Amino acid sequence: MSDKNSINNYILQVGIVLGIAFSAVIYIAHTQGVSHVPGDNLAWINIIIFTFLVSASARQYREMVEREAFTYKRAFLYTTKINVISAFVLAVFGYFYYNTIAPNDLQDILIQVENAFKQMNISPEQSKLMLQLYSESLSGGTMAFVMFVFQIAGGALFSLLLANSIKWRKPLIIS
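In short, a report on the structure. (Residues numbered from 1 in each chain as written. Predicted model: local features only at pLDDT ≥ 70, side-chain atom pairs only at ≥ 80, totals over all residues. Heavy atoms only, no water.)

This part is about the packing of helix H4 (residues 104-119) against helix H5 (residues 124-137). Direction vectors running N to C along H4 and H5 enclose 155°, while the axes themselves pass 10 Å from each other. On the basis of the axis angle, H4 is roughly antiparallel to H5. Note on packing geometry: the crossing formed by H4 with H5 is right-handed. On H5, the residues touching Ile-109, Leu-110, Val-113, Glu-114 and Phe-117 of H4 are Ser-127, Met-130, Leu-131, Tyr-134 and Ser-135. (Axes fitted to C-alpha atoms, helices over the stretch in contact; angles between N-to-C directions. Helix = DSSP H or I, 4+ residues; strand = E, 2+ residues; numbered from the N terminus. Parallel < 35°, antiparallel > 145°, perpendicular 65-115°, else oblique. Left-handed = near helix turned anticlockwise from the far one by under 90°. Contact = heavy atoms within 4.5 Å.)

With 36 residues, the main nonpolar core has Val-54 and Tyr-78 as its most contacted residues. Elements represented by at least two residues in this core include exactly helix H1 (3-31), helix H2 (42-64), helix H3 (72-101), H4 and helix H6 (140-166). The greatest single-element share of this core, amounting to nine residues, is contributed by H1. (Core = buried A, V, L, I, M, F, W, Y, C linked by side-chain atoms within 4.5 Å. Buried < 20%, exposed > 50% of the residue type's maximum accessible area, 1.4 Å probe, protein only.)

This next bit is on the side chain of Asp-105. Inspection of the secondary structure puts Asp-105 in helix H4. Despite its burial, Asp-105 pairs with no opposite charge, the nearest such side chain being Lys-118 at 19 Å. Ignoring sequence-local partners within four residues, the contact set of Asp-105 consists of Ser-35, His-36, Tyr-97 and Tyr-98. (Lys, Arg positive; Asp, Glu negative; His and termini not counted. Salt bridge = Lys/Arg side-chain N within 4 Å of Asp/Glu carboxyl O.)

In short, the description is geometric, and any link to function would need to be established separately.
Here it is, written out as C-alpha coordinates:
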(Lines give C-alpha, C1' and ligand atoms only; values in the text may rest on other atoms or scores of the structure.)
Protein backbone atom coordinates (compact mmCIF):
# COMPACT_ATOMS: atom_id res chain seq x y z
CA MET A 1 0.00 0.00 0.00
CA SER A 2 1.33 3.39 -0.93
CA ASP A 3 1.83 6.22 1.53
CA LYS A 4 -1.01 8.18 -0.09
CA ASN A 5 -3.44 5.27 0.35
CA SER A 6 -2.46 4.80 3.98
CA ILE A 7 -2.89 8.52 4.63
CA ASN A 8 -6.31 8.53 2.93
CA ASN A 9 -7.33 5.45 4.91
CA TYR A 10 -6.23 7.18 8.09
CA ILE A 11 -8.32 10.27 7.26
CA LEU A 12 -11.29 8.02 6.45
CA GLN A 13 -10.95 6.21 9.79
CA VAL A 14 -10.73 9.45 11.76
CA GLY A 15 -13.75 10.88 9.90
CA ILE A 16 -15.83 7.78 10.59
CA VAL A 17 -14.86 7.77 14.28
CA LEU A 18 -15.72 11.46 14.52
CA GLY A 19 -19.11 10.93 12.84
CA ILE A 20 -19.86 8.05 15.20
CA ALA A 21 -18.87 10.21 18.17
CA PHE A 22 -21.20 13.01 17.00
CA SER A 23 -24.00 10.48 16.55
CA ALA A 24 -23.34 9.00 20.00
CA VAL A 25 -23.71 12.43 21.60
CA ILE A 26 -27.13 12.84 19.97
CA TYR A 27 -28.22 9.33 20.92
CA ILE A 28 -27.06 9.69 24.54
CA ALA A 29 -28.87 13.03 24.79
CA HIS A 30 -31.98 11.31 23.41
CA THR A 31 -31.79 8.60 26.10
CA GLN A 32 -31.70 11.44 28.65
CA GLY A 33 -34.88 12.96 27.21
CA VAL A 34 -33.24 15.75 25.20
CA SER A 35 -34.69 16.33 21.72
CA HIS A 36 -32.17 17.13 19.00
CA VAL A 37 -32.50 20.09 16.68
CA PRO A 38 -29.53 20.83 14.38
CA GLY A 39 -27.63 23.80 15.75
CA ASP A 40 -28.71 23.21 19.36
CA ASN A 41 -26.50 23.13 22.47
CA LEU A 42 -25.23 19.65 21.60
CA ALA A 43 -23.14 21.40 18.94
CA TRP A 44 -20.82 22.69 21.68
CA ILE A 45 -20.12 19.14 22.82
CA ASN A 46 -19.40 18.17 19.23
CA ILE A 47 -17.02 21.13 18.83
CA ILE A 48 -15.04 19.88 21.83
CA ILE A 49 -14.96 16.36 20.38
CA PHE A 50 -13.95 17.74 16.97
CA THR A 51 -11.13 19.79 18.49
CA PHE A 52 -9.77 16.98 20.62
CA LEU A 53 -10.01 14.19 18.04
CA VAL A 54 -8.71 16.21 15.10
CA SER A 55 -5.85 17.73 17.10
CA ALA A 56 -4.80 14.34 18.47
CA SER A 57 -5.05 12.68 15.06
CA ALA A 58 -3.12 15.54 13.44
CA ARG A 59 -0.06 14.64 15.50
CA GLN A 60 -0.12 11.11 14.08
CA TYR A 61 -0.84 12.44 10.60
CA ARG A 62 2.16 14.77 10.80
CA GLU A 63 4.33 11.78 11.66
CA MET A 64 3.04 9.99 8.56
CA VAL A 65 4.09 12.94 6.38
CA GLU A 66 7.10 14.06 8.42
CA ARG A 67 9.24 14.51 5.35
CA GLU A 68 7.00 17.39 4.29
CA ALA A 69 5.83 20.53 6.02
CA PHE A 70 2.30 20.43 7.39
CA THR A 71 1.33 23.89 6.15
CA TYR A 72 -1.87 25.77 6.92
CA LYS A 73 -3.28 24.67 3.57
CA ARG A 74 -2.54 20.99 4.24
CA ALA A 75 -3.88 21.28 7.79
CA PHE A 76 -7.09 22.88 6.49
CA LEU A 77 -7.51 20.19 3.81
CA TYR A 78 -6.89 17.51 6.43
CA THR A 79 -9.55 18.89 8.79
CA THR A 80 -11.98 19.52 5.93
CA LYS A 81 -11.71 15.96 4.59
CA ILE A 82 -12.36 14.60 8.07
CA ASN A 83 -15.30 16.97 8.45
CA VAL A 84 -16.94 15.88 5.18
CA ILE A 85 -16.64 12.20 6.10
CA SER A 86 -18.00 12.82 9.60
CA ALA A 87 -20.86 14.91 8.15
CA PHE A 88 -21.83 12.01 5.89
CA VAL A 89 -21.82 9.55 8.83
CA LEU A 90 -23.83 12.02 10.90
CA ALA A 91 -26.38 12.49 8.09
CA VAL A 92 -26.87 8.72 7.76
CA PHE A 93 -27.39 8.52 11.52
CA GLY A 94 -29.75 11.53 11.35
CA TYR A 95 -31.90 9.80 8.76
CA PHE A 96 -32.32 6.74 10.96
CA TYR A 97 -32.64 8.85 14.10
CA TYR A 98 -35.58 10.91 12.82
CA ASN A 99 -37.27 7.98 11.06
CA THR A 100 -36.93 5.23 13.67
CA ILE A 101 -35.34 6.28 16.96
CA ALA A 102 -37.04 9.63 17.60
CA PRO A 103 -39.73 10.49 15.05
CA ASN A 104 -41.45 12.55 17.78
CA ASP A 105 -38.53 14.99 17.66
CA LEU A 106 -39.94 16.22 14.35
CA GLN A 107 -43.08 17.28 16.23
CA ASP A 108 -40.90 19.04 18.81
CA ILE A 109 -39.25 20.95 15.98
CA LEU A 110 -42.65 22.04 14.68
CA ILE A 111 -43.57 23.27 18.17
CA GLN A 112 -40.34 25.28 18.33
CA VAL A 113 -41.05 26.78 14.91
CA GLU A 114 -44.60 27.65 15.96
CA ASN A 115 -43.28 29.36 19.11
CA ALA A 116 -40.77 31.29 17.01
CA PHE A 117 -43.60 32.47 14.74
CA LYS A 118 -45.54 33.67 17.80
CA GLN A 119 -42.53 35.67 19.00
CA MET A 120 -42.26 37.31 15.58
CA ASN A 121 -45.82 38.63 15.84
CA ILE A 122 -46.87 36.86 12.68
CA SER A 123 -50.62 36.73 12.17
CA PRO A 124 -52.26 33.40 13.13
CA GLU A 125 -53.34 32.80 9.50
CA GLN A 126 -49.82 33.32 8.16
CA SER A 127 -48.36 31.26 10.96
CA LYS A 128 -50.76 28.39 10.27
CA LEU A 129 -49.99 28.46 6.54
CA MET A 130 -46.20 28.57 7.03
CA LEU A 131 -46.37 25.85 9.66
CA GLN A 132 -48.39 23.65 7.29
CA LEU A 133 -45.83 24.17 4.50
CA TYR A 134 -42.97 23.49 6.92
CA SER A 135 -44.59 20.33 8.30
CA GLU A 136 -45.15 18.96 4.78
CA SER A 137 -41.45 19.25 4.00
CA LEU A 138 -40.21 18.01 7.39
CA SER A 139 -39.02 14.39 7.34
CA GLY A 140 -36.10 12.22 8.36
CA GLY A 141 -34.53 12.81 4.96
CA THR A 142 -34.74 16.58 5.14
CA MET A 143 -33.41 16.55 8.70
CA ALA A 144 -30.49 14.35 7.60
CA PHE A 145 -29.76 16.88 4.86
CA VAL A 146 -29.97 19.76 7.35
CA MET A 147 -27.59 17.92 9.71
CA PHE A 148 -25.17 17.36 6.82
CA VAL A 149 -25.26 21.04 5.81
CA PHE A 150 -24.88 22.28 9.41
CA GLN A 151 -21.91 19.97 9.96
CA ILE A 152 -20.23 20.97 6.69
CA ALA A 153 -20.73 24.71 7.32
CA GLY A 154 -19.82 24.66 11.00
CA GLY A 155 -16.94 22.25 10.45
CA ALA A 156 -15.54 24.36 7.61
CA LEU A 157 -15.51 27.47 9.79
CA PHE A 158 -14.00 25.60 12.68
CA SER A 159 -11.45 23.95 10.37
CA LEU A 160 -10.19 27.40 9.42
CA LEU A 161 -9.40 28.09 13.08
CA LEU A 162 -8.16 24.62 13.98
CA ALA A 163 -5.84 24.39 10.97
CA ASN A 164 -3.86 27.32 12.32
CA SER A 165 -3.16 25.51 15.59
CA ILE A 166 -2.19 22.15 14.05
CA LYS A 167 0.00 23.40 11.20
CA TRP A 168 3.67 22.57 11.47
CA ARG A 169 6.73 23.63 9.57
CA LYS A 170 9.78 21.48 9.65
CA PRO A 171 12.63 23.42 11.20
CA LEU A 172 15.19 24.70 8.77
CA ILE A 173 18.44 22.81 9.23
CA ILE A 174 21.52 24.68 8.07
CA SER A 175 24.64 22.58 7.65
